[in-house]
Amino acid sequence: PVLGMAALVVTVVAFMGAVDTGYIIAIFRYAEAEDQAAAFPDLYRVQLFVAAFVVMAILFAYRLGGAGTEKVIRAGFASILVVISGLNDLTSWAFDSWPEGRPDTLFWASHIEVFVGGPPTPLVALGFCSIHLVLAALLILVPLRRGRTRRGAGRAATEGH
């Protein structure tokens, strides 16, 4: 079970950090729209949908493979945090070949912009990403505090506690 959870998290992080980045770069180059700035937001929304779909497919396979409800939910929330972390935006910024040099901001990362109030600088995006990845790791690694059992809760209620 622990290995399965680790494999899931590694798969999601690897997808968002490598596969997804290559997908964005390839499509961006392929499209070569006359006005790339105008064409990119639509492409980006589709890419985010594809990423979310793939995560859902992985979670579905994890559940079908025997994972319990709590683990699938925790993995799902952790995966959502990885998807919205901006990991793929950072790796795209870092590894794409920018003909005019790397931009000063990640101007395409509208989902980060919503939280920080403007196009994020690479440093702001790194902070945003780090927070989300730490939260995702905590969701996976930190055990949830179990409440009282039904029997214990019922007994406490009847004893006036």
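Residues numbered from 1 in each chain as written. Predicted model: local features only at pLDDT ≥ 70, side-chain atom pairs only at ≥ 80, totals over all residues. Heavy atoms only, no water.

Undergrad: So what's going on with the overall build of the chain? Residues and values would help.
TA: When helices and strands are counted, the chain shows seven helices and zero strands. For the chain, the succession of helices and strands along the chain, N to C, is α-α-α-α-α-α-α. Within the chain, buried positions represent 34% of all 161 residues. Within the chain, contacts between residues at least 6 apart in sequence are counted, and of these 63% link residues at least 24 apart. When the accessible surface of the chain is totalled, it reaches about 10,300 Å², and 69% of it is carbon and sulfur. (Helix = DSSP H or I, 4+ residues; strand = E, 2+ residues; numbered from the N terminus. Buried < 20%, exposed > 50% of the residue type's maximum accessible area, 1.4 Å probe, protein only. Contact = heavy atoms within 4.5 Å. Areas by Shrake-Rupley, 256 points an atom, 1.4 Å probe, with all protein chains shown as cover.)

Undergrad: Could you give an account of the nonpolar core, naming the residues involved and the relevant values?
TA: Side chains of nonpolar character tend, in soluble globular proteins, to be buried together. Leu8, Val12, Met16, Tyr62 and Ala75 are the most contacted members of the largest nonpolar core, which has 32 residues in total. Elements represented by at least two residues in this core include exactly helix H1 (2-31), helix H2 (36-64), helix H3 (69-84), helix H4 (87-95) and helix H6 (122-141). Counting residues per element, this core draws most heavily on H2, at eight residues. Setting aside residues no more than four positions away along its own chain, Ala75 makes contact with Met5, Leu8, Leu59, Tyr62 and Ile140. (Core = buried A, V, L, I, M, F, W, Y, C linked by side-chain atoms within 4.5 Å.)

Undergrad: Talk me through the packing of H4 against H6; I want residue IDs and the actual numbers.
TA: Packed helix pairs are specified by the crossing angle of their axes together with the interaxial distance, meaning the distance between the axes. Their axes nearest at 9 Å, the elements H4 and H6 cross at an angle of 145°. Like other packed secondary-structure pairs, H4 and H6 cross with a definite hand, here left-handed. Between H4 and H6, the contacting residues are Leu87, Leu90 and Trp93 on the first element and Pro122, Ala125, Leu126 and Cys129 on the second. Of the residues contributing to the contact of H4 with H6, the split by class is seven nonpolar, no polar and no charged. (Axes fitted to C-alpha atoms, helices over the stretch in contact; angles between N-to-C directions. Left-handed = near helix turned anticlockwise from the far one by under 90°. Nonpolar A, V, L, I, M, F, W, Y, C, P; charged D, E, K, R; others polar.)

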